[in-house]
Amino acid sequence: MSQQPLRFRYEEVADFVAGLAGRGTLRPGARAPSLREISTQQRTSLSTAVQAYRLLEDRGILEVRPQSGYYVAKAPPALPVPTTTRHSVRPAKVELSGLMLSLLEHASDEALVPLGCAIPNQRLLSSSKLDLVLARTARVKGGQCNTYSPPRGEMSLRLEIARRALRFGQALSPDDIAITCGCTEALALALDAVTEPGDAVAIESPTYFGLLQVLRAKNLKVVELPTDPITGVDVDALRDVVGSGKVRACVLASSFSNPLGCTIPEENKRTILRLLAKHRVPLIEDDVYGDVHFGEERPLPFSALDRHDNVIYCGSFSKTLAPGYRIGWIVTGRHMARVLETKFATSLATPVLTQVALATFLSNGDYDRHLRRIRREFADTLGRMTRVIEQAFPPGTKVSRPAGNFVLWVELPEPADTRLLFAEALGKGICFAPGVVFSASGKYAHCLRLSGGHGWDARIEKGLRKLGAMASKAFAAHNRQP
């Protein structure tokens, strides 16, 4: 007879509380027993109770409210998820919406309710601790840092990135990594390594508008792939596209994509890797949101599953820690020589001081504590935003359900036009991202993306309800037309 696996005491406590929630003893939204209450009731230590509740947070069963305590997570959203849009499989030029520049200009306007660009608010970032590390680095090593970095970037930072990669299945040497000026430069370098002007690239749709800018600047065509809001890119559509020989590369976000928030299941990732390797189509992986997972474990990226040396991995700290530092990285495999040559010709090097300071911050454990905190805050913010959307937006609205990141994709009932709504919202002091900026061909006029990067407060709630009221008014006016 096989033995039962050994269970830790905190897991038993977590299962007890989860059972209360599952049986309805603790209903969604109800306050859970305090840490002291549960430790007394279960005759365990306070530290064990903390471990148990942290596990329940990771599972999405409990949520913490600052200065209030632990609560049973709300019931799943009542609204359906957005529609998966079908596309032509013929390569097409990237046509950028003029709203993109307007969005970028208004997103930095502090007078507007910040639902536009996906940038974390400084309040949520470990700015003060990181600032202290930067100041200390400048004071102690300022002279050493006032120079160009090595071609691949500072060894100390590359070593910390390699150590972190071990946690999710990537066995990297520091020499496998090159530091870049954010993930955008990493994506641009990757495209330069595997494509030529005029080539076609397969992408998710909707996709990050920054990627569309890079593709257009490099005179590359795109094939937009239908993308499910839960499971990501349509594997059958990708099979048809790569089998036709129409594309030279593929760019995919493996986890918590922007704007849909979808995560490709591991089985699909393996299928995609085999498919692309068979047709010799390199995969450029954007994993910029990988660390912002709400579940217990970080999903494995494509690069951790790749057995064909066919993935170029791109990452960044811009969405989790320091958007202003502009530090990203790229893992290039056999393309490193060409990537370094291109980087030297474009940006030459990444600033040394910020690299050294960031390496110090990563090495002392502050980053992991920071990640646990922002994951909870982002998950809570998206949950609250979703509930307001359910209450305030017009009937027929659909909303994404990301298991990570901090953006929501909202689909309004057609014939809504979020370009008109964007102009009206700016006049009322609200900024959001219209759907058309996430398509190479101007699709998604009835959709919008909302950022939860600011966190939750009364101003965000009021602005979101006002936006919902504007959308509902437009919907009602259309329905009254003869």
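Thresholds, definitions, all that
- Residues numbered from 1 in each chain as written.
- Predicted model: local features only at pLDDT ≥ 70, side-chain atom pairs only at ≥ 80, totals over all residues.
- Heavy atoms only, no water.
- Core = buried A, V, L, I, M, F, W, Y, C linked by side-chain atoms within 4.5 Å.
- Buried < 20%, exposed > 50% of the residue type's maximum accessible area, 1.4 Å probe, protein only.
- Contact = heavy atoms within 4.5 Å.
- Axes fitted to C-alpha atoms, helices over the stretch in contact; angles between N-to-C directions.
- Helix = DSSP H or I, 4+ residues; strand = E, 2+ residues; numbered from the N terminus.
- Left-handed = near helix turned anticlockwise from the far one by under 90°.
- Expected span 1.5 Å × (residues − 1).
- Polar contact = N/O pair within 3.5 Å; in protein donor to acceptor, adjacent residues only side chain to side chain.
- Phe/Tyr/Trp six-rings, centres within 6.5 Å; stacked < 30°, edge-to-face > 60°.
- Pairing = 2+ DSSP bridges.
- Salt bridge = Lys/Arg side-chain N within 4 Å of Asp/Glu carboxyl O.
- Parallel < 35°, antiparallel > 145°, perpendicular 65-115°, else oblique.
- Nonpolar A, V, L, I, M, F, W, Y, C, P; charged D, E, K, R; others polar.

Draft legend 1. Here's a closer look at the nonpolar core. Counting residues in each nonpolar core, the largest one holds 108 residues, and the members touching the most others are Leu215, Phe317, Leu450 and Leu467. With near-sequence residues (within four places) excluded, Leu450 lies in contact with Leu115, Met385, Ile389, Phe406, Val407, Leu408, Val410, Phe432, Leu464 and Leu467.

Draft legend 2. Structural detail: the packing of helix α6 (residues 155-165) against helix α13 (residues 352-363). Relative to each other, α6 and α13 sit at 35 degrees, their axes nearing to 8 Å. Judged by the twist between their axes, the crossing of α6 over α13 is left-handed. Contact residues: α6 offers Ser156, Leu157, Glu160 and Arg164, while α13 offers Gln355, Leu358, Ala359, Leu362 and Ser363.

Draft legend 3. Main features of helix α16 (residues 458-480). Taking 1.5 Å as the rise per residue, α16 with 23 residues should run 33 Å; its terminal C-alpha atoms sit 33 Å apart, in good agreement. Those residues of α16 not exposed but buried are Ile460, Gly463, Leu464, Leu467, Gly468, Met470 and Ala471. Where α16 is buried, its residues contact β3 (113-115), α14 (366-392), α15 (418-427), β14 (430-434) and β15 (447-451). With a side-chain oxygen positioned 3.1 Å from the backbone nitrogen of Arg459, the residue opening α16 is Asp457.

Draft legend 4. Spatial organisation of the packing of aromatic side chains. Here the structure, examined in full by the defined rule, presents 10 aromatic pairs. Ring geometry for Tyr53 against Tyr70: centres 4.9 Å apart, planes inclined by 80 degrees, an arrangement best described as edge-to-face. Of the two residues, Tyr53 sits in helix α3 (residues 46-58) while Tyr70 sits in strand β2 (residues 69-72), which places them 17 residues apart along the sequence. Of the two residues examined, Tyr53 and Tyr70, each falls in the buried class.

Draft legend 5. A look at the sheet that holds β15. Judged by pairing direction, the sheet is mixed, and its 5 strands sit side by side in the order β3-β14-β15-β13-β12 without closing on themselves. Here the strands that pair on one side only, and so sit at the sheet edges, are β3 and β12 (398-399). As defined by bridge partners, β14 adjoins β15 across 2 bridges and the pair is classed as antiparallel. The residue of β15 that forms the bridge with Pro434 is Leu448. Contacting β3, β12, β13 (407-411) and β15, α14 crosses the sheet at an angle of about 20 degrees to β13.

Draft legend 6. Geometry of the pairing of strand β9 (residues 283-286). Residue alternation in β9 divides its side chains into two sets, Leu283 and Glu285 and Ile284 and Asp286, and both sets are buried. With 4 bridges joining them, strand β8 (residues 249-253) and β9 adopt parallel strand pairing. Counterpart to Ala253 in the pairing with β9 is Asp286. Across 4 bridges, the pairing between β9 and strand β10 (residues 311-316) is parallel. Each bridged residue has a counterpart across the sheet, and for Glu285 the counterpart in β10 is Tyr313.

Draft legend 7. Inspection of the pattern of salt bridges at higher detail. The full count for this structure, using the stated rule, is 22 salt bridges. Residue Arg334 is joined to Asp309 by a salt bridge in which the shortest nitrogen-to-oxygen separation is 3.8 Å. Of the two residues, Arg334 sits in the loop between β11 (328-331) and α12 (336-346) while Asp309 sits in the loop between α11 (302-305) and β10, which places them 25 residues apart along the sequence.

Draft legend 8. Just the packing of α14 against α16, in detail. It is the contact of α14 with α16, at a shortest axis distance of 9 Å, that shows an interaxial angle of 30 degrees. Judged by the angle between their axes, α14 and α16 are roughly parallel. Regarding α14 and α16, the two cross each other, and that crossing is right-handed. Here Met385, Val388, Ile389, Gln391 and Ala392 of α14 come into contact with α16, specifically with Glu461, Leu464, Arg465, Gly468, Ala469 and Ser472. Residues of the contact of α14 with α16, tallied by class, amount to 6 nonpolar, 3 polar and 2 charged.

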